[in-house]
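Below are the chains, spelled out letter by letter.
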Amino acid sequence: GKEIPGQASLVFDVVLLDLHNPKDGIAIENQLVPESCERRSQTGDFLRYHYNGTLLDGTLFDSSYSRNRTYDTYVGKGYVIAGMDEGLLGVCTGEKRRIIIPPHLGYGEEGRGKIPGSAVLVFDIHVVDFHNPSDSVSITVHYKPSNCTVLSKKGDYLKYHYNASLLDGTLLDSTHSLGKTYNIVLGSGQVVLGMDMGLQDMCVGERRTVVIPPHLGYGEDGVEGEVPGSAVLVFDIELLELVSGLPEGYMFVWNGEVSPNLFEEIDQNHDGEVLLEEFSEYIQTQVDTGKGKLAPGFDFEKIVKNMFTNQDRDGNGKVTAEEFKLKDQEAKEEHDEL
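Residues numbered from 1 in each chain as written. Predicted model: local features only at pLDDT ≥ 70, side-chain atom pairs only at ≥ 80, totals over all residues. Heavy atoms only, no water.

Visitor: What is the right way to look at the domain arrangement of the chain in this model?
Guide: According to the domain assignment, the chain contains domain 1 (27-131), domain 2 (138-243) and domain 3 (252-330). Each of domain 2 and domain 3 was reduced to a C-alpha centroid, and the two centroids are 35 Å apart. (Domains from an automatic or database assignment.)

Visitor: Any chance you could explain the UniProt feature "domain: PPIase FKBP-type" (unreviewed entry) in the chain here in plain terms?
Guide: The positions UniProt marks with the feature "domain: PPIase FKBP-type" (unreviewed entry) are residues 44-131 and 155-243. As a span, residues 44-131 carries 7% helix and 40% strand, and end to end its C-alpha atoms are 9 Å apart. For residues 155-243, the helix share is 11%, the strand share is 39%, and the end-to-end C-alpha distance is 9 Å. (UniProt positions renumbered as here; feature names shortened; annotations may be inferred. Helix = DSSP H or I, 4+ residues; strand = E, 2+ residues; numbered from the N terminus.)

Visitor: What is the right way to read the packing of helix α5 (residues 276-288) against helix α6 (residues 300-311) from this model?
Guide: With their axes 10 Å apart at the nearest point, α5 and α6 run at an angle of 120 degrees to one another. The orientation of α5 with respect to α6, classified from their angle, is oblique. The handedness of the crossing between α5 and α6 comes out as right-handed. Where α5 abuts α6, its residues L276, F279, S280, I283 and Q284 lie against F300, V304, K305, M307 and F308. Classifying every residue of the contact of α5 with α6 gives seven nonpolar, two polar and one charged. (Axes fitted to C-alpha atoms, helices over the stretch in contact; angles between N-to-C directions. Parallel < 35°, antiparallel > 145°, perpendicular 65-115°, else oblique. Left-handed = near helix turned anticlockwise from the far one by under 90°. Contact = heavy atoms within 4.5 Å. Nonpolar A, V, L, I, M, F, W, Y, C, P; charged D, E, K, R; others polar.)

Visitor: Teacher, can you tell me more about the state of the cysteines here?
Guide: By definition, a disulfide links two cysteine residues through a covalent bond between their sulfur atoms. A full pass over the atoms with the stated rule returns two disulfides. Across a sulfur-sulfur distance of 1.9 Å, C37 and C92 are joined as a disulfide pair. Here the disulfide of C37 and C92 is left-handed, its torsion about the S-S bond being about -95 degrees. Of this pair, C37 sits in the loop between β1 (27-32) and β2 (46-55) while C92 is found in the loop between α1 (82-87) and β5 (96-101), placing the two residues 55 residues apart along the sequence. What makes C92 buried here is its relative accessible area of 0%. Disulfide partner of C148: C203, at an S-S distance of 2.2 Å. The sign of the S-S torsion, about -110 degrees, decides the handedness of the disulfide formed by C148 and C203: left-handed. Pair noted here: C148 is in the loop between β7 (138-143) and β8 (157-166) and C203 is in the loop between α3 (193-198) and β11 (207-212), with a separation of 55 residues, a long-range link. C203 shares its class with C148; the two are buried. Should the bonded cysteines of the chain be numbered as they appear in the sequence, the pairing reads 1-2, 3-4. (Disulfide = S-S within 2.5 Å. Buried < 20%, exposed > 50% of the residue type's maximum accessible area, 1.4 Å probe, protein only.)

Visitor: Would you take a moment to explain the UniProt feature "domain: EF-hand" (unreviewed entry) in the chain for this structure?
Guide: Here the UniProt feature "domain: EF-hand" (unreviewed entry) sits at residues 254-289 and 299-334. The span residues 254-289 is 50% helix and 8% strand, and its two end C-alpha atoms sit 11 Å from each other.

Visitor: I tried to follow the pattern of salt bridges on my own but got confused; where do I start?
Guide: Any two side chains of opposite charge can pair, so long as their charged atoms come close to each other. Tallied over the entire structure, the rule returns 14 salt bridges. Between D124 and R98 there is a salt bridge, with its nearest N and O atoms 2.7 Å apart. Taken as a pair, D124 in strand β6 (residues 121-131) and R98 in strand β5 lie far apart in primary sequence, 26 residues in all. For D124, a relative accessible area of 19% puts it in the buried group. With a relative accessible area of 28%, R98 lands in the partly exposed category. A salt bridge links R208 to E206; its shortest N-O distance comes to 2.8 Å. We classify R208 as buried; its relative accessible area is 5%. For E206, a relative accessible area of 0% gives the class buried. Each of R39, D45 and D135 takes part in one network of salt bridges that share partners. (Salt bridge = Lys/Arg side-chain N within 4 Å of Asp/Glu carboxyl O.)

Visitor: Would you mind showing me how to read the nonpolar core here?
Guide: As a rule of thumb, soluble globular proteins bury nonpolar side chains together. L158, Y160, M195, L199, I212, F235 and I237 are the most contacted members of the largest nonpolar core, which has 23 residues in total. Contacts of L199, omitting those with residues within four sequence positions, involve S152, L158, Y160, I184, L186, R208 and I237. The next biggest cluster of nonpolar side chains, apart from the first, holds 21 residues, and it includes Y49, V80, I101 and V127. (Core = buried A, V, L, I, M, F, W, Y, C linked by side-chain atoms within 4.5 Å.)

Visitor: Explain α6 to me, please; I cannot follow it from the model alone.
Guide: The periodicity of an α-helix, 3.6 residues per turn, causes residues three or four places apart in sequence to face the same way. Across its twelve residues, α6 extends 17 Å between first and last C-alpha, which sits within 8% of the 16 Å expected from 1.5 Å per residue. Where α6 is concerned, the buried positions are I303, V304, M307, F308 and Q311. End-on, the buried residues of α6 take up no more than an arc of 130 degrees, which puts them together on one face. In this structure, α6 carries E301, K302 and K305 as exposed residues pointing more than 90 degrees from its buried face. Among the residues of α6, the N-terminal cap falls to D299, whose side-chain oxygen and the backbone nitrogen of E301 are separated by 3.3 Å. (Expected span 1.5 Å × (residues − 1). Arc of directions from axis to C-beta. Polar contact = N/O pair within 3.5 Å; in protein donor to acceptor, adjacent residues only side chain to side chain.)

Visitor: For this particular structure, what's the right way to read the packing of aromatic side chains?
Guide: In this description, a pair of aromatic rings is defined by centroid distance and the angle of the planes. Applying the stated criterion to the full structure yields 15 aromatic pairs. Taken together, a centroid distance of 6.2 Å and an interplanar angle of 45 degrees make the contact between Y160 and Y162 tilted. When sorted by exposure, Y160 lands in the same class as Y162, which is buried. The structure contains a cluster of three or more aromatic residues connected by ring pairs, namely Y49, Y51, F61, Y71 and F123. (Phe/Tyr/Trp six-rings, centres within 6.5 Å; stacked < 30°, edge-to-face > 60°.)

Structure below.
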């Protein structure tokens with residue numbers, strides 16, 4: 001043509017950017033594998049990981065670190081490019097590895113954004129954590145007292161210390177730093193479901209670690225500024241105190257025989273009607289004298305008001321003898337109706 005004369009000697013100065021063979025698979029270079037690796041990722045797991053993405057010549061095209069948040073995805077399901085889908089299998093929590101991906105397992109001949117067509121990609125990844133949607137909580141007991149006969153159950157009032165962290169060891173929260181215990185009624189929805197499960201069948205003085213997957217913790221959204229979305233949580237727990245709760249469905253029980261003239265005893269002015277004030281005073285007296293027990297861990301006034309409302313069947317703010325029934329009486333009547 002016009003640019004190159006006939007019989008010309010040509011000189012090309014070449015920089016080799018990358019090369020691959022259409023038969024190439026991915027290449028994996030392990031950079032850091034934790035000594036403790038109880039489980040490796042498999043198809044269907046949900047991974048949270050950081051990455052730097054570069055071309056073979058070192059040109060950076062993307063980084064999760066620059067966004068200050070992990071990349072989160074299911075693996076082995078086609079949610080990411082084929083090479084990354086394969087390269088994220090078989091990793092441990094905390095592992096660092098380099099994944100080199102040929103273009104036919106990456107973005108192909110077309111490329112995408114800052115990635116040129118037919119480019120070989122290099123991903124340096126750091127696995128933060130992973131879980132499977134079918135996972136339950138994992139409990140590891142570190143210490144159990146020799147006298148361990150009373151075990152925690154739904155409805156018990158518990159006081160415990162905890163350290164909460166992510167799987168990579170990042171500390172999220174600790175009761176020790178606050179100088180006070182965390183107090184809950186077990187199974188009442190005051191903590192995430194995974195913690196309710198992790199505190200079951202525990203005795204006073206016991207220490208255990210509870211690992212909670214996100215679907216039993218704070219889910220995909222997490223807690224803004226505190227817990228990342230889709231994070232696996234680790235709680236190191238020590239149970240310090242346990243107050244036995246009441247049978248399910250009860251907020252108050254008698255420690256002895258129930259008076260046959262119960263309504264008359266509550267109705268102190270004998271006008272045939274019991275007001276909330278009378279009812280509350282009577283219940284308080286029974287608790288103070290040890291004749292009755294309220295469900296531990298709940299506000300006294302709220303419990304008593306709820307009990308009174310259950311008896312005030314017509315909602316007029318007064319309870320008559322006809323309305324007044326004990327729970328076992330109600331159960332028998334319901335049984336008779338059935």
